[in-house]
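Here is what each chain is made of, one letter per residue.
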Amino acid sequence: MKNSFMTRDEIEKIGFKFVGKDVLISRKTSFYSPENISIGDHSRIDDFSIISGKVSIGSYVHISAYVGLFGSNGIVISDFCCVSIKTTILSATDDFSGESMFGSVVPMEYRNVQKGPVILRKYVTIGANCLIMPDLIIEEGVSLGAMSFVNKSLKEWAVYTGIPAKFLKNRKKNVKNMARLFLKRRNPNC
């Protein structure tokens, strides 16, 4: 009996730009434009996630179930990040103010699309049900509380939460040293 993760042969047939070693991808994940998607070593993508556009996922990254990564203008998720269940990251979104029309079936001349890459630096943890808007950077070590809305860049090694996300407190950097130790133990030649 097969488990819920693809075999390496199944992964190779998708046609990714790059896939590292020991990658786990649920058979229930949807990919659009896989030739623009890179996935680093030891990363995992769970059930019912949608990954579309220019998306770069680093090593030791966990993309939880029901995550949407919509990278028409680029999404970069650096090493040792975790994106929790039902989170959506957008690199483009329509203007809903009423000053323009919206939706992919409307010609661009009638739309006002806000766009730009989204970058998650190393050691970022995104809580469940978060929404991250285009054109921002979540700096190294940020922890984002569940159900938060991010519409501007967040400064490093801090905990943010809320709608919109606001600084709550500083975050300890122990994870950075633990990751170094972990990598050294996994590969003593490093």
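The rules we used
- Residues numbered from 1 in each chain as written.
- Predicted model: local features only at pLDDT ≥ 70, side-chain atom pairs only at ≥ 80, totals over all residues.
- Heavy atoms only, no water.
- Core = buried A, V, L, I, M, F, W, Y, C linked by side-chain atoms within 4.5 Å.
- Buried < 20%, exposed > 50% of the residue type's maximum accessible area, 1.4 Å probe, protein only.
- Helix = DSSP H or I, 4+ residues; strand = E, 2+ residues; numbered from the N terminus.
- Contact = heavy atoms within 4.5 Å.
- Pairing = 2+ DSSP bridges.
- Salt bridge = Lys/Arg side-chain N within 4 Å of Asp/Glu carboxyl O.
- Phe/Tyr/Trp six-rings, centres within 6.5 Å; stacked < 30°, edge-to-face > 60°.
- Lys NZ or Arg CZ within 6 Å of the ring centre and 35° of its normal.

Remarks on the nonpolar core
Moving on, step 1. Judged by nonpolar contacts, the single largest core of 37 residues is most densely connected at L69, L120 and I138.
Moving on, step 2. Elements with a minimum of two residues in this core: strand 4 (37-39), strand 6 (50-57), strand 8 (68-77), strand 13 (118-120), strand 16 (136-138) and strand 19 (158-161).
Moving on, step 3. Not counting chain neighbours up to four residues away, the residues in contact with L120 comprise V76, I77, S78, C81, V83, I89, I126 and I138.

Here's the deal with unusual backbone geometry
Moving on, step 1. Put simply, I163 and P164 share a cis peptide bond, and its omega is -5°.
Moving on, step 2. Relative to the assigned elements, P164 resides in the loop between strand 19 and strand 20 (166-170).
Moving on, step 3. For F48, which is not a glycine, the phi torsion comes out positive at approximately 65°.
Moving on, step 4. Relative to the elements of secondary structure, F48 occurs in the loop between strand 5 (44-45) and strand 6.
Moving on, step 5. If you check the backbone angles, F80 has positive phi at about 60° while not being a glycine.
Moving on, step 6. Tracing the backbone shows F80 in the loop between strand 8 and strand 9 (82-83).

Some thoughts on the sheet that holds strand 9
Moving on, step 1. Pairing within the open sheet is mixed, and its eight strands lie in the order 2-5-7-9-14-17-19-20. The open sheet terminates on both sides in strands that have one partner only, identified here as strand 2 (24-25) and strand 20.

Considerations on the pattern of salt bridges
Moving on, step 1. Summed over all chains, the structure comprises six salt bridges.
Moving on, step 2. When the shortest N-O distance is used, the salt bridge between D46 and R44 registers 2.6 Å.
Moving on, step 3. D46 gets classed as buried once you look at its relative accessible area, which sits at 11%.
Moving on, step 4. You can call R44 partly exposed: its relative accessible area is 35%.

Section: the environment of S56
Moving on, step 1. For S56, the location among the structural elements is in strand 6.
Moving on, step 2. Given a relative accessible area of 30%, S56 falls into the partly exposed group.
Moving on, step 3. Residues S56 and I39 lie 17 residues apart in sequence; the distance between their C-alpha atoms is 6.2 Å.
Moving on, step 4. Those residues in contact with S56, other than ones at most four positions away along the chain, are S38, I75, V76 and I77.

Looking at the packing of aromatic side chains
Moving on, step 1. This structure, assessed with the given rule, holds nine aromatic pairs.
Moving on, step 2. Judged by centre distance (4.8 Å) and plane angle (90°), the ring pair of F16 and F31 falls under edge-to-face. One end of the pair, F16, is in the loop between helix 1 (8-14) and strand 1 (18-19); the other, F31, is in strand 3 (residues 30-32), with 15 residues separating them in the sequence.
Moving on, step 3. An aromatic cluster of three or more residues is present, and its members are Y60, F80, Y123, W157 and F182.
Moving on, step 4. Sitting over the ring of Y66, K86 keeps its end group 5.8 Å from the ring centre.

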